[in-house]
Amino acid sequence: MSKQWYKSGAWLAAMLFSAGAGAETQFNMTPGVTDNAHRAYDLHMAAVWICGIIGAVVFGAMFYSIVKHRKSVHPKPAHFHENTLVEIVWTVIPVLILLGLAIPAVKTLVAMEDTRDADMTVMVTGSQWKWHYKYVDADGKDLSDIGFYSLLSTPRDTFENYGGKTTEKSETYLKEVDKPLVIPTGKKVRFLVTSEDVIHSWWVPAFAVKKDAVPGFINETWTKVNEAGVYRGVCAELCGKDHGFMPVVVKAVSPEEFQTWVADTRTAMAEAKKAAEADVDRVWAMDELMKKGEEVYLKNCSACHQATGAGMPPTFPALAGSKIATDKAQIPDHIGRVLKGKGAMPAFGAMLSDMEIAAVITYERNAFGNKTGDAVQPKDVKAAR
Amino acid sequence: MSAVIHEHDHHHDDHHGPAKGLTRWLYTTNHKDIGSLYLWFAFTMFLIGGLFALVIRAELFIPGLQLVKPEFFNQMTTLHGLVMVFGAVMPAFTGLANWLIPMMIGAPDMALPRMNNWSFWILPVAFGMLLSSLFMDGGAPNFGWTFYAPLSTKFGPPSTDYFIFGVHLMGISSIMGAINVIVTVMNMRAPGMTYMKMPLFVWTWLITAFLLIMVMPVLAGAVTMMLTDRHFGTSFFDAAGGGDPVMFQHVFWFFGHPEVYIMILPSFGIASAIIPTFARKPLFGYASMVYATASIAGLSFIVWAHHMFTTGMPLAGELFFMICTMLIAVPTGVKVFNWVATMWQGSMTFEAPMLFAIAFVILFTIGGFSGIMLALAPADFQYHDTYFVVAHFHYVLFPGAIFGTIAAVYYWLPKWCGRMYSEKLAKIHFWWSIIAVNLTFFPMHFSGLAGMQRRVPDYAIQFADFNMLSSIGAFGLGIGQLFFFYILWKTIWGGKAPKATAQVWEGAEGLEWTLPSPAPYHSFTEPPVVK
């Protein structure tokens with residue numbers, strides 16, 4: 001991704017800040033890597049220049065007046081207080097300028113909203129606080145077996161700097177995910193955007209694509225990426241506690257590489273499925289379950305229930321000492337809760353394997369002082385699905 | 001004998017001066033007392049809302065979460081917005097209306113004095129309730145001041161119900177205040193004070209009052225639907241029950257966009273009073289100012305969905321709202337040109353009210369420029385929900401609504417309390433504020449354009465420089481307003497401030513300047529004659 005300075009003439013004040021800013025500081029909107037992003041950028045720059053020129057004229061007149069028409073210089077004020085011609089002129093001129101801006105804006109908008117004739121379709125689903133990508137089809141071929149969640153990969157340790165802790169933060173801090181969305185360049189990709197819980201907004205600045213994910217409704221948008229690369233965006237609509245921690249990463253690759261990626265992904269999925277089946281058949285030792293469970297817990301559960309299991313009552317209940325996580329009779333309820341969710345608790349059944357769920361439940365029943373000694377096995381989870 | 005004298009004294013008080021003690025303020029029906037209550041309440045809320053803003057800016061000073069948890073951060077952004085909009089700006093304007101409208105139109109008081117008392121005393125209750133939610137289980141509302149469903153309905157904390165009741169009370173208060181303004185202006189103008197002779201502050205407030213009574217009930221409807229969705233099994237905003245979360249946004253912004261103008265039109269009136277005074281030249285284009293204000297108010301009802309370009313509106317809707325929004329630039333431009341033309345060839349001096357008024361015109365116009373940019377839907381896809389929007393609305397609100405109010409306070413304070421503030425200190429306050437306000441909000445344009453989204457407690461390191469500048473500016477801005485309090489305290493209660501004349505300002509015109517300073521407890525007991 002280019003890190004050059006984007007110069008914008010109208011924001012003269014930018015210069016004021018340049019002394020304190022690092023070499024990678026970006027002041028302006030990205031011109032992006034799609035035709036639509038270029039058009040949005042051009043429109044933005046046109047508006048910047050027009051506003052800059054109007055500002056220079058109006059503020060110029062004002063400062064001229066402040067200097068020349070002050071009492072010490074200009075003791076006798078004039079007394080005019082209206083002039084119909086002038087007033088008509090400065091009503092009509094702005095109308096014409098706005099018309100000049102509106103015409104390209106309308107053309108761009110019409111182009112951006114034209115989602116017809118897409119080469120491929122991807123379903124984008126937001127939920128607190130992750131994205132799910134499901135491929136629908138590409139060039140007429142069914143891809144609906146491919147789908148995955150995409151989570152922030154910056155560890156919580158890196159951004160939770162309470163108590164004077166400092167951590168090394170990389171260039172991609174908070175803008176990196178475990179599995180990016182992969183799309184081919186040069187193809188019109190249609191996105192169907194929706195949500196499972198609250199409103200999110202899927203935004204990739206380099207594509208000039210920002211579309212709200214509304215629960216119960218499907219919005220359409222599209223992009224056609226000109227250059228291969230990794231493009232980073234964020235969830236733009238306030239969606240709760242971890243709104244700032246659900247980035248969007250899209251990797252655009254050549255159509256050939258995309259085919260390879262599809263084949264590789266399918267192979268990997270088949271292997272994972274086989275491994276998951278093998279996991280179910282095996283009886284796991286306590287320490288294996290605990291080790292895997294802690295890993296799964298920190299990635300998926302600790303945002304709400306906290307690393308300590310203390311939760312954040314009343315919204316996010318504590319697991320430490322809670323009935324469901326300590327009472328033997330409630331093991332089936334515990335499994336059911338993780339699989340199917342309840343209220344604000346999301347369902348993890350589709351997201352985690354039987355082994356992962358068994359491990360995390362075992363972890364929850366034996367960590368944070370919950371010393372139940374219960375070891376839940378993957379086959380128990382499979383049976384509960 | 002002494003009893004008789006006592007009764008006589010009491011009688012005397014009733015007619016010629018305020019009662020004493022706490023009950024004076026609790027029971028008062030006097031427009032000046034109520035105006036002062038509103039203004040001090042607004043100032044208190046301004047400091048509380050500012051404190052919330054400083055929690056936000058402290059957390060954003062450097063990347064990483066250092067001070068507060070994300071869920072508390074969201075409570076701060078929510079309460080900052082609600083307190084500033086409903087607790088600081090709106091009551092400040094109502095306070096100014098109370099003090100000034102009767103004096104400006106030659107009336108003895110507001111038309112509905114008891115309702116006036118009630119509309120004020122509802123507010124401390126409403127905000128007590130809203131702020132108490134900070135101490136409840138689950139914390140305060142955390143879904144932003146726009147409280148979009150379903151984040152606020154299905155996922156809101158238990159305190160959301162206190163928020164709903166609080167908003168209802170604020171709405172009732174605003175509607176009563178607005179009715180009072182309309183009834184006063186329509187019925188109590190002095191003989192000869194025709195509509196087209198009214199000062200622009202009265203005009204802009206009259207129009208604001210109409211906006212208020214049209215949109216506050218819509219807000220009440222939105223929160224009521226929220227309440228029934230939360231507790232009584234309805235599904236107005238839940239697709240699973242046949243509702244639509246986006247409909248919430250339509251209802252909210254049908255209130256919200258006129259609300260934006262409610263928070264700026266009275267400032268237009270203030271600038272239109274102050275600039276002619278210090279230019280020693282009549283306001284340019286009085287009639288066009290009135291028509292422009294009315295046009296802005298009218299247009300405010302047909303532009304609401306420009307806040308919602310990314311929600312998946314049909315193309316036709318996007319086009320309509322884009323074009324209508326761009327049109328607002330025309331009457332707004334007329335107003336700015338008129339202010340510049342008023343200054344042109346005047347004989348200007350630059351006392352504190354004039355400085356704040358000029359800063360208002362310039363910085364509000366910068367906020368207007370980013371407003372035109374935001375109106376362009378294709379570009380808005382990039383700006384929406386970023387710090388560019390935060391920069392935009394703070395440019396129209398801080399230098400717009402707040403500087404307007406500060407200018408008004410300096411301008412009319414000598415009339416209110418009979419004493420002159422210190423020009424030297426006020427100028428320090430001005431220069432300090434103007435630097436701090438730009439340091440706080442200008443870098444937000446850049447962080448937004450570079451891709452930083454709103455309402456996040458942490459950010460990518462590329463935004464670190466801009467955020468640090470904004471945070472430094474914000475703390476400066478906060479300190480500057482404590483200094484403002486010191487200036488006010490010194491002027492009103494310090495005892496050493498020089499006495500003001502009735503005229504106060506050489507170039508001031510209008511009925512309020514014909515009254516002595518301080519203005520008598522009852523403004524015009526005999527209607528003045530307006531030529």
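Here's what I pulled together on the structure shown here. (Residues numbered from 1 in each chain as written. Chains lettered and ligands numbered in written order. Predicted model: local features only at pLDDT ≥ 70, side-chain atom pairs only at ≥ 80, totals over all residues. Heavy atoms only, no water.)

### Digging into the interface of chain A and chain B
Thinking step 1. Between chain A and chain B, the residue contacts involve 100 residues of the former and 103 residues of the latter.
Thinking step 2. Across the chain A/chain B interface, buried area totals approximately 8,600 Å², and carbon plus sulfur atoms make up 71% of it.
Thinking step 3. One can count one salt bridge joining chain A with chain B.
Thinking step 4. With a shortest N-O distance of 3.0 Å, A:Lys71 and B:Glu506 are connected by a salt bridge.
Thinking step 5. Viewed at the interface, chain B and chain A are joined by 28 residue pairs in polar contact (both at pLDDT 80 or more). (Contact = heavy atoms within 4.5 Å. Buried area = accessible area lost by both parts, 1.4 Å probe. Salt bridge = Lys/Arg side-chain N within 4 Å of Asp/Glu carboxyl O. Polar contact = N/O pair within 3.5 Å; in protein donor to acceptor, adjacent residues only side chain to side chain.)

### Points about the pattern of salt bridges
Residue and element names in this part refer to chain A.
Thinking step 1. Applying the stated criterion across every chain, the model contains 22 salt bridges over all chains.
Thinking step 2. Ionic pairing is found between Lys 328 and Asp 374, a salt bridge with its closest N-O pair at 2.3 Å. Taken together, the residues Lys 328 in the loop between α8 (323-326) and α9 (331-340) and Asp 374 in the loop between α10 (354-366) and α11 (378-384) connect sequence positions 46 residues apart.
Thinking step 3. The exposure class assigned to Lys 328 is exposed, which follows from its relative accessible area of 54%.
Thinking step 4. With a relative accessible area of 5%, Asp 374 lands in the buried category.
Thinking step 5. With its nearest N and O atoms 2.9 Å apart, the salt bridge here joins Asp 374 to Arg 365. Side by side, Asp 374 and Arg 365 carry an identical accessibility label, which is buried. (Helix = DSSP H or I, 4+ residues; strand = E, 2+ residues; numbered from the N terminus. Buried < 20%, exposed > 50% of the residue type's maximum accessible area, 1.4 Å probe, protein only.)

### Some remarks on the sheet that holds strand β7 (residues 200-204) of chain A
All names here are of chain A.
Thinking step 1. The mixed open sheet is built from five strands, whose spatial order is β5-β11-β10-β7-β8. The open sheet has two edge strands with one neighbour each: β5 (181-184) and β8 (209-213). Adjacent strand axes in the sheet meet at a mean angle of 25° when their direction is disregarded.
Thinking step 2. For β7 and β8, the ladder comprises five bridges, and the chain directions are antiparallel. Across the sheet, Trp 202 pairs through a bridge with Lys 211, a residue of β8.
Thinking step 3. Strands β5 and β11 (248-253) of the sheet are contacted by helix α5 (residues 255-281), whose axis makes an angle of about 135° with β5. (Pairing = 2+ DSSP bridges. Axes fitted to C-alpha atoms, helices over the stretch in contact; angles between N-to-C directions.)

### Focus: the pairing of β5(A)
The side chains of a regular strand alternate between both faces of the sheet.
All names here are of chain A.
Thinking step 1. Side-chain alternation along β5 places Leu 181 and Ile 183 on one buried face and Val 182 and Pro 184 on a second face that is also buried.
Thinking step 2. The sheet contact formed by β5 and β11 spans four bridges and is parallel. If you follow Leu 181 over to β11, its bridge partner there is Val 250.

### Let's talk about the nonpolar core
In a soluble, globular protein the nonpolar side chains are often hidden away together inside.
Thinking step 1. By size, the foremost hydrophobic cluster in this structure holds 272 residues, and its most contacted members are A:Trp202 and B:Phe86.
Thinking step 2. Residues in contact with A:Trp202, not counting those within four places in the same chain, are A:Val124, A:Trp131, A:Tyr133, A:Leu181, A:Phe191, A:Val193, A:Val209, A:Lys210, A:Lys211, A:Val234, A:Val248 and A:Val250.
Thinking step 3. Ranked by size, the runner-up nonpolar core spans 22 residues in total, among them A:Tyr297, A:Cys301, A:Ile331 and A:Leu339. (Core = buried A, V, L, I, M, F, W, Y, C linked by side-chain atoms within 4.5 Å.)

### Comments concerning the packing of aromatic side chains
Thinking step 1. Applying the stated criterion to the full structure yields 76 aromatic pairs over all chains.
Thinking step 2. The interplanar angle of 20° and the centroid separation of 4.4 Å between the aromatic rings of B:Tyr383 and B:Phe388 together place this pair among those described as stacked. Exposure class is identical for B:Tyr383 and B:Phe388. Each is buried.
Thinking step 3. Sitting over the ring of A:Trp222, A:Lys188 keeps its end group 4.1 Å from the ring centre.
Thinking step 4. Above the face of the A:Trp203 ring, A:Lys210 is positioned so that its terminal group lies 3.9 Å from the ring centre. (Phe/Tyr/Trp six-rings, centres within 6.5 Å; stacked < 30°, edge-to-face > 60°. Lys NZ or Arg CZ within 6 Å of the ring centre and 35° of its normal.)

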